[in-house]
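Below are the chains, spelled out letter by letter.
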Amino acid sequence: MLNFLLRLVLFFLGLLFAASLAVAVLLLAAVWGLRYGWARLTGQPVQPWVMRFDPRHGFDRFRAAARPAEPTAADVAAARAHGEAADSPVRLRDPGRVTDVEARPVSRGE
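Everything in this summary refers to the structure shown in the same document. All values reported here derive from a predicted model rather than from experimental measurement.

1. Structural notes on the overall build of the chain
Working step 1: Within the chain, the regular secondary structure consists of three helices and zero strands.
Working step 2: Moving toward the C terminus, one meets the helices and strands of the chain in the order α-α-α.
Working step 3: Relative to its 110 residues, the chain shows a buried fraction of 4%.

Next comes the structure, spelled out in structure tokens:
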């Protein structure tokens, strides 16, 4: 009995899905027909609905996301005011200005 009820519920869910899909298709056809009729009524050419798709755009989008953005003019001006490089605020333009580190002589492994 439970098996029969399960099949009946699944059957009605399938009918509901098919009916909703049919309503969506009919609604789209009605909108397309209204658009076609309006274009004919106003004397304008009927433009087809197209979806322009280029697979390269998906790859370009993710490739561009991996690339760092170019610094803006404000970034460059702020970096120059602080004496830093525009592409990396950590790296100093003049390494001779570092005063908090003392150089040690290099040992030759003796």
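2. A short note on helix 1 (residues 2–42)
Working step 1: With 41 residues, helix 1 extends 60 Å between its outermost C-alpha atoms, agreeing within 8% with the 60 Å of an ideal straight helix rising 1.5 Å per residue.
Working step 2: Where helix 1 terminates, the next one or two residues include Gly43, which has phi positive at roughly 80°.

3. Focus on a nonpolar patch on the surface
Working step 1: A grouping of Met1, Phe4, Leu5, Leu8, Phe11, Phe12 and Leu15 is seen on the molecular surface, where their side chains present a nonpolar patch of about 770 Å² in accessible area.
Working step 2: Within the secondary structure, Phe11 sits in helix 1.

4. Concerning the packing of aromatic side chains
Working step 1: Enumeration over the complete set of coordinates arrives at two aromatic pairs.
Working step 2: Considering the side-chain rings of Trp32 and Tyr36, the 5.8 Å spacing of their centres and the 15° angle between planes classify their relative orientation as stacked. Taken together, the residues Trp32 and Tyr36, both in helix 1 and four residues apart, mark about one turn of the helix.
Working step 3: For Trp32, a relative accessible area of 44% corresponds to the partly exposed category.

5. Here we look at helix 3 (residues 73–82)
Working step 1: Of all ten residues in helix 3, one are buried; the element is thus mostly exposed.
Working step 2: Taken from the residues just after helix 3, Gly83 is the one with a positive phi, measuring 75°.

6. Thoughts on the environment of Val46
Working step 1: With respect to the element layout, Val46 can be found in the loop between helix 1 and helix 2 (55–66).
Working step 2: Classification of Val46 by relative accessible area gives partly exposed; the value is 33%.
Working step 3: In the structure, Val46 is positioned eleven residues away from Arg35 in sequence and 8.2 Å away in space, judged by C-alpha atoms.
Working step 4: For Val46, the contacting residues outside a window of four places in its chain are Tyr36, Ala39 and Arg40.

Reading guide: rules and limits
Residues numbered from 1 in each chain as written. Predicted model: local features only at pLDDT ≥ 70, side-chain atom pairs only at ≥ 80, totals over all residues. Heavy atoms only, no water. Helix = DSSP H or I, 4+ residues; strand = E, 2+ residues; numbered from the N terminus. Buried < 20%, exposed > 50% of the residue type's maximum accessible area, 1.4 Å probe, protein only. Expected span 1.5 Å × (residues − 1). Patch = residues over 30% accessible without salt bridge, like charges linked within 9 Å, V, L, I, M, F, W, Y side chains within 5 Å. Areas by Shrake-Rupley, 256 points an atom, 1.4 Å probe, with all protein chains shown as cover. Salt bridge = Lys/Arg side-chain N within 4 Å of Asp/Glu carboxyl O. Phe/Tyr/Trp six-rings, centres within 6.5 Å; stacked < 30°, edge-to-face > 60°. Contact = heavy atoms within 4.5 Å.

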